[in-house]
Amino acid sequence: MTALLEVDGLTVRYGPGCEHCDYLPAGEVSCATCGSVFGCRDVCLQLDRGEVLGIVGESGSGKSTVLSCLNLDFAPTAGRILLDGDDIAGADGSRRRRLRAADLGIVYQSPQQGLDLALSAGANVAGRLLALDWRSYEEVRSRALAHHISVELAEERIDDPARAFSGGMRQRVQLARALISTPKLLLLDEPTSGLDVSVQARILDLIRRIRRETELAMVIVSHDLAVIRMLAERVIVMRGGRVIEPGLTDQVLCDPQHPYTQLLVSSQLT
Amino acid sequence: MIALEICGLHKHFVGHLNGGRRRSVLRGIDLALQEGSCTVLRGPSGSGKSSVLRCCYRTYRADAGQILLRAGGEEVDMASAGDREILRARGRIGLATQFLSVVPRVGAADLVCEQGMSRERAGETLDALGLPPALHDAAPATFSGGERQIVNLAIALARQRPVLLLDEVTASLDPRRRGRALTAIAERKSAGATLLAVFHDVPETPGLVDRVLEMRDGRLVAA
């Protein structure tokens, strides 16, 4: 059976590249000879429907670069991204817009990145449907309202501007916006970082509920191993743009093999 | 039929943060579990009992040997199969430990329901194990060690998995609740489940334990 998502050899390089780039020391992301910098290198991963994959690593390890490639923010230098068997890595123009509106949903750490804070919550959520050529106001409005409520936002606040919402509520608006087109893949980039712990807990509970109810495939990037442990059954650990340890989440956390993973796990406050 | 067969299992840890110090915890384990049987591992702390269970569930990665899961479907080597195959196989093998490993904010009955059990059955299971009804909707974050252990065991028993790995699942229970927990485990065995369990005090529940194996320094020795 084909996996929902298959990523193979994903590489993002900023700079010309040279023969020395292939021999960078472990953990090194820039080439001293040509000055190229690697956002990620040779990343491979697979994801089935209903599965959640976590990506962990320190700042600059390449985890958000991988997520941006999956969201088609930019095309990788090399590698394939197969979604349902179709290579979408190099999609451009209208195909890319359509894939982003229909098949991919994303929640960014910063709501400013995912929302237009000057627009109402409802308009932000409905925006994706307009990109998919929904034209009936009533249909768009009623679907946006259903999703607004499903992420546990108060119905009467649907016309309030997103900027009037708290941090946790803005993440809910982002979730509603991501889910309204019933995407195949939900991408979560540090969705709870910067929120206070009680709000963080409620957002995580919401993501768990969505997962249970929709069987949606998700990729979640976080530097917080507790978040990954709660949401993902498989994880990849990244460092210097490369995957240094893939595995089952409980196994990677209980029996880390790579020196860096051991450091990461032992550094967690629990 | 053999439900689970362990052949030549070795496991060591390399502490990269401790100068690469190597510590062997399992040094050649051979063990075959008959379907519907209950095998108890006992031995001093650090002898490797829990490591055997964790390798069987793949929470630990085995360094050598095979762990062949045969019950409930096609044979899977839990020591070497790919991660996604292991996730599928975990539908046939359950691990319950003495520590709660779930979201502590979700109500106890909801946690059991998440395993695919109806709310009514979840309530009955928690009742049978001795969790007061007033606590069924409360979150385990506020529970005592024993109450958490009941929730853990209820979750492990919620799904009808053919093989159950039980790691000191009654360690924090009072004698009355320990008795109830052992009765529930014995019922699961009567229904055909194969059990591999770690107990410091081997239970005397009639019909539960078929054999007791002693572990020392990562090896099985005569009981």
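**Observations concerning the overall build of chain B**
Scanning chain B for helices and strands turns up six helices and ten strands. The C-alpha radius of gyration computed for chain B amounts to 17 Å, which stays within 12% of the reference 17 Å derived for 223 residues, consistent with globular compactness. Taken over the C-alpha atoms alone, chain B extends approximately 50 × 40 × 35 Å along its principal axes. Across the 223 residues of chain B, 40% fall into the buried class.

**Re the sheet that holds strand β2 (residues 21-34) of chain B**
Residue and element names in this part refer to chain B. Pairing in this open sheet of four strands is antiparallel, and the strands run β2-β1-β4-β5 from one edge to the other. Looking at which strands have only one partner, the edges of the open sheet turn out to be β2 and β5 (76-77). Note that strand β1 (residues 2-15) and β2 share eleven bridges and pair antiparallel. Note on β2: the bridge partner recorded for K11 is L26. Set on the sheet, helix α1 (residues 49-57) makes contact with β1, β2 and β4 (64-69); between it and β2 the angle comes to about 75 degrees.

**Here we look at helix α5 (residues 145-158) of chain B**
One turn of an α-helix holds 3.6 residues; hence residues three or four places apart share an orientation. Residue and element names in this part refer to chain B. The first and last C-alpha atoms of α5 sit 20 Å apart over 14 residues, in line with the 20 Å expected at 1.5 Å per residue. With eleven of its 14 residues buried, α5 lies for the most part within the structure. For α5, the complete set of buried residues consists of E147, R148, Q149, I150, V151, N152, L153, A154, I155, A156 and L157. Contacts from the buried residues of α5 go to β6 (93-96), α3 (108-113), α4 (119-129), β7 (163-167) and α6 (175-190).

**A word on the sheet that holds strand β9 (residues 234-239) of chain A**
All names here are of chain A. The strand order across the open sheet formed by six strands is β6-β7-β8-β3-β9-β10, and the pairing between neighbours is mixed. Looking at which strands have only one partner, the edges of the open sheet turn out to be β6 (104-107) and β10 (242-248). On average, each strand axis in the sheet is inclined to that of its neighbour by 15 degrees, with strand direction left out of account. Across five bridges, strand β7 (residues 185-189) lies against strand β8 (residues 217-221) in parallel orientation.

**A look at the packing of α5(B) against α6(B)**
Residue and element names in this part refer to chain B. The interhelical angle for the contact between α5 and α6, taken along N-to-C directions, is 10 degrees, at an axis separation of 12 Å. In this view, α5 runs roughly parallel relative to α6, as classed from their interaxial angle. Two secondary-structure elements touch here, α5 through G146, I150, L153 and L157 and α6 through R177, A181, A184 and R188. Considered class by class, the residues forming the contact of α5 with α6 number five nonpolar, one polar and two charged.

**A look at the interface of chain B and chain A**
With twelve residues of chain B at the contact, the number on the chain A side is 17 residues. Of the residues belonging to the side of chain B that touches chain A, the class tally is five nonpolar, two polar and five charged.

**A closer look at the environment of L72(A)**
All names here are of chain A. Of note, L72 is situated in the loop between α1 (63-70) and β4 (78-83). Overall, L72 belongs to the buried group, with 22 C-beta atoms counted inside 10 Å. Remark: the alpha-carbon pair of L72 and R97, spanning 25 residues in sequence, is separated by 9.0 Å. For L72, the residues in contact, after removing those within four places along its chain, are I88, A91, R96, L99, R100 and L104.

**Overview of the environment of R211(A)**
Residues and elements named next belong to chain A. Tracing the backbone shows R211 in helix α7 (residues 197-214). Distance in space between the C-alpha atoms of R211 and I55 is 17 Å, their sequence separation being 156 residues. Excluding its chain neighbours within four sequence positions, the residues that come into contact with R211 are V52, L216 and M218.

**Quick look at the pairing of strand β3 (residues 52-56) of chain A**
Across a regular strand the side chains alternate sides, sitting on one face of the sheet and then on the other. All names here are of chain A. Of all the five residues making up β3, five are buried; the element is thus mostly covered by neighbouring parts of the structure. Residues V52, G54 and V56 of β3 are buried on one face, and the alternating residues L53 and I55, pointing to the opposite face, are buried as well. As paired strands, β3 and β8 are joined by four bridges and run parallel to one another. Bridging from a neighbouring strand, L53 pairs with V219 of β8.

**Topic: the confidence of the model for chain B**
When pLDDT is averaged along chain B, the result is 93; 98% of the residues meet or exceed 70. Model confidence for the complex is summarised by a pTM of 0.91, with the ipTM given as 0.91.

Reading the values: the criteria
Residues numbered from 1 in each chain as written. Chains lettered and ligands numbered in written order. Predicted model: local features only at pLDDT ≥ 70, side-chain atom pairs only at ≥ 80, totals over all residues. Helix = DSSP H or I, 4+ residues; strand = E, 2+ residues; numbered from the N terminus. Rg over C-alpha atoms; globule rule 2.2 N^0.38 Å. Buried ≥ 20, exposed ≤ 12 C-beta atoms within 10 Å, placed from the backbone. Pairing = 2+ DSSP bridges. Contact = placed C-beta atoms within 7 Å. Axes fitted to C-alpha atoms, helices over the stretch in contact; angles between N-to-C directions. Expected span 1.5 Å × (residues − 1). Parallel < 35°, antiparallel > 145°, perpendicular 65-115°, else oblique. Nonpolar A, V, L, I, M, F, W, Y, C, P; charged D, E, K, R; others polar. pLDDT = per-residue confidence, 0-100.

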